[in-house]
Amino acid sequence: MKRFIDLVRVAVAGLTARKVRTLLILLGPILGVGAIVAAIGINESSKGYLKAQLQDLGTDLIVANAQDSLGGFGQTPRIPEDATERVSRLPDVTSVTGTYQISNVVTLPFDAAEDYYKAFPVPIIATGLNLPETMEVPMVSGRFINKFDYEQSARVAVIGRDLADEYGYLRGEQRTISLNGIDYGVVGVLDWVLLEPSMDSAVFIAFSTAEKDWEIGNQDPTRLYVRAPTNTQLVAEEIPTVVSLGGPDGARTSVPTDLLNAESQVDESLNTLTQLMGGLALIVGGVGIANVMSISVIQRSSEIGIRRALGHTRTTIAMQFLFEALVVGVLGGIFGALAGAGVVWFTSWSRDYVMILSLSSLVGWSLVSVAVAVASGLYPSMKAARLEPLETLRLG
Amino acid sequence: MVESLLSLESVSRIYGTDVEVHALHQVSLEIFSSDFMSIVGPSGSGKSTMLGLLGLLDVPTKGNVKVNGVDATSMNDFQRSRLRGDAIGFVFQQFHLIPHLSALGNVETALLYRGLSPKERKKKAAESLGKLGLGGREDHRPVQLSGGEQQRVAIARAIVTDPLVVLADEPTGALDSENAENIMKVFADLKSPERAVCLVTHDMEIADSTDRKITMKDGEIVQDLIQGSEK
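Residues numbered from 1 in each chain as written. Chains lettered and ligands numbered in written order. Predicted model: local features only at pLDDT ≥ 70, side-chain atom pairs only at ≥ 80, totals over all residues. Heavy atoms only, no water.

**Student:** Help me understand the overall build of chain A, please; the structure alone is not making it clear to me.
**Tutor:** A tally of regular secondary structure across chain A gives 15 helices and eleven strands. Expected size for 396 residues packed as a compact globule is a radius of gyration near 21 Å; at 35 Å, chain A overshoots this value by more than 25%. Along the three orthogonal principal directions, the C-alpha set of chain A runs to about 110 × 50 × 40 Å. Residue pairs at least 24 apart in sequence account for 82% of intrachain contacts in chain A once pairs closer than 6 positions are excluded. On chain A, roughly 19000 Å² of surface is accessible, and the fraction owed to carbon and sulfur atoms is 60%. With 30 positive and 40 negative side-chain charges, chain A shows a separation of 22 Å between the mean positions of the two kinds. (Helix = DSSP H or I, 4+ residues; strand = E, 2+ residues; numbered from the N terminus. Rg over C-alpha atoms; globule rule 2.2 N^0.38 Å. Contact = heavy atoms within 4.5 Å. Areas by Shrake-Rupley, 256 points an atom, 1.4 Å probe, with all protein chains shown as cover. Lys, Arg positive; Asp, Glu negative; His and termini not counted. Charge placed at Lys NZ, Arg CZ, Asp CG, Glu CD.)

**Student:** Would you explain the interface of chain B and chain A in this entry?
**Tutor:** In many reports, interface size means the accessible area that the parts give up when they come together. Listed as interface residues are 30 residues of chain B and, on the opposing side, 28 residues of chain A. Between chain B and chain A, a total of about 2500 Å² is buried, with carbon and sulfur atoms accounting for 61% of that surface. On the chain B side of the interface with chain A, the three residues burying the most area are B:His96, B:His100 and B:Tyr113, jointly 29% of the side's total. At the junction of chain B and chain A, the tally comes to three salt bridges. B:Asp77 is paired through a salt bridge with A:Arg314; the nearest N and O atoms lie 3.7 Å apart. Our count for the chain B to chain A interface comes out at ten residue pairs in polar contact (both at pLDDT 80 or more). (Buried area = accessible area lost by both parts, 1.4 Å probe. Salt bridge = Lys/Arg side-chain N within 4 Å of Asp/Glu carboxyl O. Polar contact = N/O pair within 3.5 Å; in protein donor to acceptor, adjacent residues only side chain to side chain.)

**Student:** So what exactly am I meant to see when it comes to the domain arrangement of chain A here?
**Tutor:** As assigned here, chain A comprises domain 1 (2-55 + 265-395) and domain 2 (60-254). Each of domain 1 of chain A and domain 2 of chain A has a C-alpha centre, and the two are 61 Å apart. (Domains from an automatic or database assignment.)

**Student:** Would you explain the nonpolar core in this entry?
**Tutor:** Nonpolar side chains tend toward joint burial in soluble globular proteins. Counting 72 residues, the largest nonpolar core has B:Leu8, B:Ile39, B:Met50, B:Leu54 and B:Phe187 as the members making the most contacts within it. Residue contributions to this core peak at six residues, all from helix 5 (residues 147-159) of chain B. Contact partners of B:Leu8, with chain neighbours within four places excluded, come to B:Val27, B:Ser28, B:Leu29, B:Met50, B:Leu53, B:Leu54, B:Asn64 and B:Val65. One finds A:Ala113, A:Val122, A:Val189 and A:Trp214 within the second-largest nonpolar core, a separate group that totals 26 residues. (Core = buried A, V, L, I, M, F, W, Y, C linked by side-chain atoms within 4.5 Å. Buried < 20%, exposed > 50% of the residue type's maximum accessible area, 1.4 Å probe, protein only.)

**Student:** Mind showing me how you'd approach the layout of surface pockets here?
**Tutor:** A water-sized probe rolled over the atoms picks out the places where empty space is left. Residues and elements named next belong to chain A. Taken as a whole, the largest pocket encloses approximately 400 Å³ of empty space. Glu81, Thr84, Gly98, Gly128 and Phe207 are the residues nearest the centre of the largest pocket, which is lined by 16 residues in total. Broken down by secondary-structure element, the contributors of at least two residues to the lining of the largest pocket are helix 3 (81-88) and strand 2 (95-102). Among the elements that line the lining of the largest pocket, the one with the most residues is helix 3, at four residues. Broken down by class, the residue content of the lining of the largest pocket amounts to five nonpolar, eight polar and three charged. (1 Å grid on protein atoms, 1.4 Å probe; cavity = no way out; pocket = protein on both sides within 12 Å on 5 of 7 lines; lining within 4 Å. Points joined across faces, edges and corners; volume = space filled by probe spheres on them. Nonpolar A, V, L, I, M, F, W, Y, C, P; charged D, E, K, R; others polar.)

**Student:** It is not clear to me how the side chain of A:Ser361 should be interpreted in this structure. Could you clarify?
**Tutor:** Note that A:Ser361 resides in helix 14 (residues 359-386). Residues within four places of A:Ser361 in sequence aside, it is in contact with A:Val37 and A:Ile40.

**Student:** Is there a simple way to think about a negative patch on the surface in this case?
**Tutor:** Where like charges cluster on the molecular surface, the negative patch consists of B:Asp176, B:Glu178, B:Glu181, B:Asp203 and B:Glu205. With respect to the helices and strands, the residue B:Glu181 is situated in helix 6 (residues 177-190). (Patch = residues over 30% accessible without salt bridge, like charges linked within 9 Å, V, L, I, M, F, W, Y side chains within 5 Å.)

**Student:** Is there a simple way to explain the pairing of strand 8 (residues 196-201) of chain B in this structure?
**Tutor:** The side chains of a regular strand alternate between the sheet's two faces. Residue and element names in this part refer to chain B. Across the six residues that make up strand 8, a large majority, six, are buried. Side chains Ala196, Cys198 and Val200 project from strand 8 onto one buried face, and the interleaved Val197, Leu199 and Thr201 project onto a second face that is buried too. Pairing of strand 3 (residues 36-40) with strand 8 involves five bridges; the strand directions are parallel. Considered in strand 8, the bridge of Met37 is made with Cys198. Across five bridges, the pairing between strand 7 (residues 165-169) and strand 8 is parallel. Note that in strand 8 the partner of Asp169 across the bridge is Val200. One crossover worth recording links strand 7 to the parallel strand 8 by way of helix 6, and it is right-handed. (Pairing = 2+ DSSP bridges. Right-handed = clockwise from strand over helix to strand, strands pointing away.)

**Student:** What's the story with the sheet that holds strand 1 (residues 4-15) of chain B in this structure? I'm lost.
**Tutor:** Sheet strands line up and pair through hydrogen bonds in the backbone, either parallel or antiparallel. Residues and elements named next belong to chain B. Taken together, the four strands give an open sheet; going across it, the order is 2-1-4-5, and neighbouring strands pair in antiparallel fashion. This sheet does not close on itself; its edge strands, each paired only once, are strand 2 (21-32) and strand 5 (70-71). Sheet analysis places strand 4 (residues 62-67) next to strand 5, joined by two bridges and oriented antiparallel. Note on strand 5: the bridge partner recorded for Val67 is Val70.

**Student:** What is the right way to look at the packing of aromatic side chains in this model?
**Tutor:** Each pair of aromatic rings is reported with the distance of its centres and the angle of its planes. In this structure the tally under the stated criterion is five aromatic pairs over all chains. Seen from their ring centres, A:Trp345 and A:Trp349 are 6.0 Å apart, and the 10 degrees between their planes marks the pair as stacked. With A:Trp345 and A:Trp349 both in helix 13 (residues 314-351), this residue pair falls four residues apart, about one helical turn. With a centroid separation of 5.6 Å and an interplanar angle of 5 degrees, the aromatic rings of B:Phe90 and B:Phe92 are classed as stacked. The residues B:Phe90 and B:Phe92 share a single accessibility class, namely buried. (Phe/Tyr/Trp six-rings, centres within 6.5 Å; stacked < 30°, edge-to-face > 60°.)

**Student:** So what exactly am I meant to see when it comes to empty space enclosed by the protein here?
**Tutor:** Applying the stated criterion across every chain, the model contains two cavities of 30 Å³ or more. When its volume is computed, the largest cavity comes out at roughly 40 Å³. Lining the largest cavity we find A:Leu310, B:Gly85, B:Ile88, B:Gly89, B:Phe90, B:Ala110, B:Arg114, B:Arg157, B:Ala158 and B:Thr161. When residues of the lining of the largest cavity are traced back to their parent elements, those giving at least two are strand 6 (88-91) and helix 5 of chain B. The biggest single contributor to the lining of the largest cavity is strand 6 of chain B, with three residues. Looking at side-chain class alone, the lining of the largest cavity contains five nonpolar, three polar and two charged residues. In this structure, the second largest cavity occupies an estimated 30 Å³ of space. When the residues that make up the lining of the second largest cavity are grouped by side-chain class, the tally is six nonpolar, one polar and two charged.

Right, dumping it as structure tokens:
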């Protein structure tokens, strides 16, 4: 043990005696390990952000858009009421809400804003009563459209959170908005709908009211939002059949989080490429260590000679240089991992990512740095051990 | 009682394979305890080769090198290095101090890998420097010391292990006359009943100041003088 400690002391003394040289050979492993840790960490952290978003959104919402299998002849395809009923009876479905977006309606918070809202119309959505449950979105204030509103075809509206902000709507305020000149009372504000951001600046009214005021023909929706916590994909595949049942009506389904889910998968090929590039950087660093240490052996031949004369064995001399390489590898690994982690932290902080840094990656690549440094130090160490003391002392 | 500490028995050293250079030819020599001796001769006479063999830094092509009666010729590098560290102390013309270590660190180097704690090493090294009049200069780097002081550090390093033989190769060669004289006094003081001091030099004045003078020529010992009388 004392011999081991002596070796470490001699190696550290050798390295600290030539600070600039040591710093230069340290740069190889630091840059190599730092680059790999940073690249992998940033890659995973960016996906971590998407994963966290997915966690918030849930992955079990299905959107079914009406599709007329016979072509439609200019009519907007609708999903009949009985089809909606069939979808809601599917075993894995917990909630279904139909919507219908009404066009050519100008919505105004006050008269002076008419020109602006003609240019940028606000979507008017006729909806079923359980939209907040299906979308799993709470109310910011007030209430959603209820059964009474529906039965009375009441002129009440719920507005999206962004629209409420745009209108300067205050919580609990008695307020009306004008839809093509017809006043509707605002009864509540719906929170942000992450999976359907267009709803954030929409006005929601009851189907019965829409049928009475806006001539939508019937109360059949053009779109269904379906919540199916289990077998989501299977339900999404079943819905078109359940809607159609061989008839002309049809639906095309999608799961909005699918794309996000695919994006959230860590790009393995990018990771592999990163690791290859980082590995290459480490090898280049290793060649640097071998080069500098080989030159160092020549420069320190007098020191090697005198150590040999003082009784140090060839093995001890080899170990001394190997330990110098080992210390370079260990320090390079630690500082490289820290530098990489720092880059990942900064990137995550500046881009609002969720910082993900695997301990195995940090430790693993630090160990690779040690292995590369030791392997690089082998040749110079053996060269130092082979030097003949008599020759080096005469030349030195 | 005078004992044989180091001996060469019919030693030859031949360098090269294609073209052979006979650096030493059938040389026999015994170094005894309390010897204060010198090896002199012109350039190419085989002095340095002899120093290498006596110091176990080289192995003979023929013959045997014995330390305290133990044959070192057949030893492996590990055994020979250990024996060298224990039995021989070296002093060189160019001092060969390790530049990044302090005077104390340089002396300590001779005590490494011997199972001593750093504290024990430092104590011994400081004592050795003290003997050479370098107390208070322990923390000085070689560049902060004069030539004479550097050589005294090298001598302190050579004797810190309490070797049987101190071998010095042209120890005053890089010094001015005043420092050379001082260093020679140091060597004379190193004489002890248990130790031998052997100086390799081409300076006849230095050789004459020793108790025994070995003269070499063309790889052979041509004269071995003790206190003015031929052996």
